[in-house]
Amino acid sequence: MTAPSSDFLRILTERGFIHQCSDMQGLDALAAKGGVVAYVGYDCTAPSLHVGHLLSIMMLHWMQATGAGKPITLMGGGTTRVGDPSGRDETRKILSIDDINANKDALKGVFAKLLTFGEGKTDAIMPDNAEWLTRLNYIEMLRDIGRHFSVNRMMTMDSVRMRLEREQELSFIEFNYMILQSYDFVELARRYGTNLQMGGSDQWGNIVTGVDLGRRMGTHQLYALTCPLLTTSSGAKMGKTAAGAVWLNADMLSNYDYWQFWRNTEDGDVARFLKLFTLLPMAEIDRLAALQGAEINEAKKVLATEATALVRGRDVAEAAAATAKKTFEQGALGDDLPVVTVPAAELASGIGVLSLFVRAGLVASNGEARRQVQGGGLKLNDETVTDAQAVVTEKALRDGVAKLSFGRKKHVLVKAG
RNA sequence: GGGGGAAUGUCCCGAGCGGCAAAGGGGGCGGACUGUAAAUCCGCUGGCUACGCCUUCGCAGGUUCGAGUCCUGCUUCCCCCA
């Protein structure tokens, strides 16, 4: 199609957010007059969202920022009780209602960093699909909603077909997820005039099924828009670090580690990530992306600080950047490094190096510490630990702290307490 | 209902004559090289009070000096027949 006329779709297009859209022209016209009401659903399967979810939140952000319309972050208090089979080869573990509610509360905070909530026309709102899904009556649902679904067609959807082809179990409860998600779309259309659902490309099937259901049930025209799934240029699935997923919540992943995640971006991903995960103007991004060789590290630092500022706050991002600078470029101690305190008395009588590294949380067991010593992976005050029998006392403290390092990137400070 | 097969190191896949802390991958971690990148090469990838001890092969028993390996029962999954 020709270039979009709305700022919303123009920005999404040039920044690489768009994977598929059910009707670009139609959506563009709607966005141009500020008439979009878009939602993204978030299931409450964990106590924090991770970077994979960030793309869709960014799309909502841009929509609000460009005045294209109203964002809705739908909490999946109801759908989480069922479990989405999309992109999974195994049935999800069924979560307890208590866990779901606890997760839901923990997720909410992050949205406010990127969206403005309130009562106004383009202010974001956060409903929960438990409000209507838990009230559904089975027979009524079959008559009103179920009759619009063709099982023949459902069997051809990727999420279902993959399980069948691989002869992997697909339980009836999961088979119903698609129906509930489709119904959400219709319900949101009726309640809030929602007309667009966005999500990752793995959600395409569920979303267009909702568009279809809307037509059959007589809503206004609905639209579908998906973003690509996040992978690194070397093909690895993204969003995982040593410690696990890259969580957006600070209590799940420290600010310093979050910053480091972005700092360690592969060269080939820098430009793409700057467009997706920062709000920097395109001209600035083009300048940074043009850097070659070692200079690209400058771009990575900008990416790390901007991306961290967006989710964790500007001051926190700069603190992480400062700590990284001290730690890596000056070999000094950053203020932001994790600190572990050890009772002074214990330190006075001496602690084995191995158990000290375990205490610091850098390694899981004495055995692992021992192996890492053999591999030269542990450092105390920047000196490689060579003797697994060594004992550490308060003499190891420099200005009250000792620095333990695991590999070149993981550091912990030890203090007497 | 009848018959046949499967479950292995709590990340995954997967070998395993009765002597096994258990082959080989993948993934992950560490080292070298670099730019806190990628690629490549090397090492590690049950626990401990550590030349020894303890716990691991779906669950529970049994045979044996000794069981992941053999026998019995149970659980779960898959295939074929009805």
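What you see is a predicted model, and the numbers here were worked out from it, not measured in a lab.

Participant: Tell me about the confidence of the model for chain A, and please be specific about residues and values.
Facilitator: Model confidence for chain A is summarised by a mean pLDDT of 87, while 91% of its residues fall at 70 or above. Taken over the whole predicted complex, pTM reads 0.85, whereas the ipTM for its chain interfaces reads 0.83.

Participant: Can you tell me about empty space enclosed by the protein, naming the residues and giving the values?
Facilitator: Scanning the entire structure with this criterion turns up 2 cavities of 30 Å³ or more. Size it by volume and the largest cavity reaches roughly 120 Å³. Taken together, His148, Phe149, Ser150, Arg153, Met154, Met157, Met178, Thr209, Asp212, Leu213 and Arg216 make up the lining of the largest cavity. Breaking the lining of the largest cavity down by element, the ones donating at least two residues are α7 (151-154) and α11 (204-216). Examining the composition of the lining of the largest cavity, we find that 4 residues originate from one element, α11, more than from any other. The residue makeup of the lining of the largest cavity, split by class, is 5 nonpolar, 3 polar and 3 charged.

Participant: Give a detailed account of the side chain of serine 48, specifying residues and quantitative values.
Facilitator: Assignment of secondary structure puts serine 48 in the loop between β2 (36-43) and α3 (51-65). A polar atom in the side chain of serine 48 sits 3.1 Å from the backbone nitrogen of asparagine 249. Dropping the residues within four chain positions of it, serine 48 is found in contact with Leu107, Trp247, Leu248, Asn249 and Met252.

Participant: Now, about the protein's contact with RNA strand B: what can you tell me, with residues and values included?
Facilitator: Residues in close proximity to RNA strand B total 30 residues, the closest being Arg263, Asn264, Asp267, Arg371 and Arg408. Across the atoms of RNA strand B situated within 4 Å of the protein, the share located in sugar and phosphate is 62%. Here a base nitrogen of RNA strand B sits 2.8 Å away from a polar atom, N or O, in the side chain of arginine 370. The separation between a sugar or linking oxygen of RNA strand B and a polar side-chain atom of glutamine 372 is 3.3 Å.

Participant: Give me the nonpolar core: which residues, what numbers.
Facilitator: Core analysis: the biggest nonpolar cluster contains 73 residues, and Phe8, Leu54, Met198, Leu248, Tyr258 and Trp262 have the highest contact counts within it. Considering each element in turn, this core owes the most residues, 9 residues, to α3. Those residues in contact with leucine 248, other than ones at most four positions away along the chain, are Ser48, Leu49, His50, Val51, Leu54, Ile57, Val110, Tyr258, Val311 and Arg312. Counting 31 residues, the second-largest nonpolar core is a separate cluster that includes Leu180, Phe185, Ala189 and Val208.

Participant: Lay out the sheet that holds β2 with the relevant residues and their values.
Facilitator: The sheet built from 5 strands is open, its strands ordered β1-β5-β4-β2-β3 with mixed pairing. Where the open sheet ends on each side, the last strands, each with one partner, are β1 (20-21) and β3 (69-76). Pairing between β2 and strand β4 (residues 196-200): 2 bridges, direction parallel. In the strand pairing of β4, tyrosine 39 is matched with glutamine 197. Of the strands in this sheet, β2 and β3 are in contact with helix α4 (residues 97-114), which crosses β3 at around 160°. Packing against the sheet, α11 makes contact with β1, β4 and β5 (223-227), and its axis sits at approximately 170° to β5.

Participant: Please give an account of the sheet that holds strand β8 (residues 339-342) that cites residues and values.
Facilitator: Within a beta sheet, neighbouring strands are joined by backbone hydrogen bonds and run either parallel or antiparallel to one another. Taken together, the 5 strands give an open sheet; going across it, the order is β8-β14-β13-β10-β11, and neighbouring strands pair in mixed fashion. The two strands at the open ends of the sheet, each matched to only one other strand, are β8 and β11 (383-384). Taken together, the 4 bridges between β8 and strand β14 (residues 410-416) define a ladder with parallel strand orientation. Its bridge partner being in β14, valine 340 is matched across the sheet by valine 414.

Participant: Explain the environment of leucine 253 to me, using residue names and the numbers behind them.
Facilitator: In this fold, leucine 253 is placed in the loop between β7 (244-245) and α12 (255-263). You can call leucine 253 buried: its relative accessible area is 8%. Along the backbone, leucine 253 and histidine 50 are 203 residues apart, and their C-alpha atoms lie at a distance of 9.9 Å. Ignoring any residue separated from it by four or fewer positions in sequence, one finds leucine 253 in contact with Val246, Trp247, Tyr258 and Arg312.

Calculation rules
Residues numbered from 1 in each chain as written. Chains lettered and ligands numbered in written order. Predicted model: local features only at pLDDT ≥ 70, side-chain atom pairs only at ≥ 80, totals over all residues. Heavy atoms only, no water. pLDDT = per-residue confidence, 0-100. 1 Å grid on protein atoms, 1.4 Å probe; cavity = no way out; pocket = protein on both sides within 12 Å on 5 of 7 lines; lining within 4 Å. Points joined across faces, edges and corners; volume = space filled by probe spheres on them. Helix = DSSP H or I, 4+ residues; strand = E, 2+ residues; numbered from the N terminus. Nonpolar A, V, L, I, M, F, W, Y, C, P; charged D, E, K, R; others polar. Polar contact = N/O pair within 3.5 Å; in protein donor to acceptor, adjacent residues only side chain to side chain. Contact = heavy atoms within 4.5 Å. Near = heavy atom within 4 Å. Core = buried A, V, L, I, M, F, W, Y, C linked by side-chain atoms within 4.5 Å. Buried < 20%, exposed > 50% of the residue type's maximum accessible area, 1.4 Å probe, protein only. Pairing = 2+ DSSP bridges. Axes fitted to C-alpha atoms, helices over the stretch in contact; angles between N-to-C directions.

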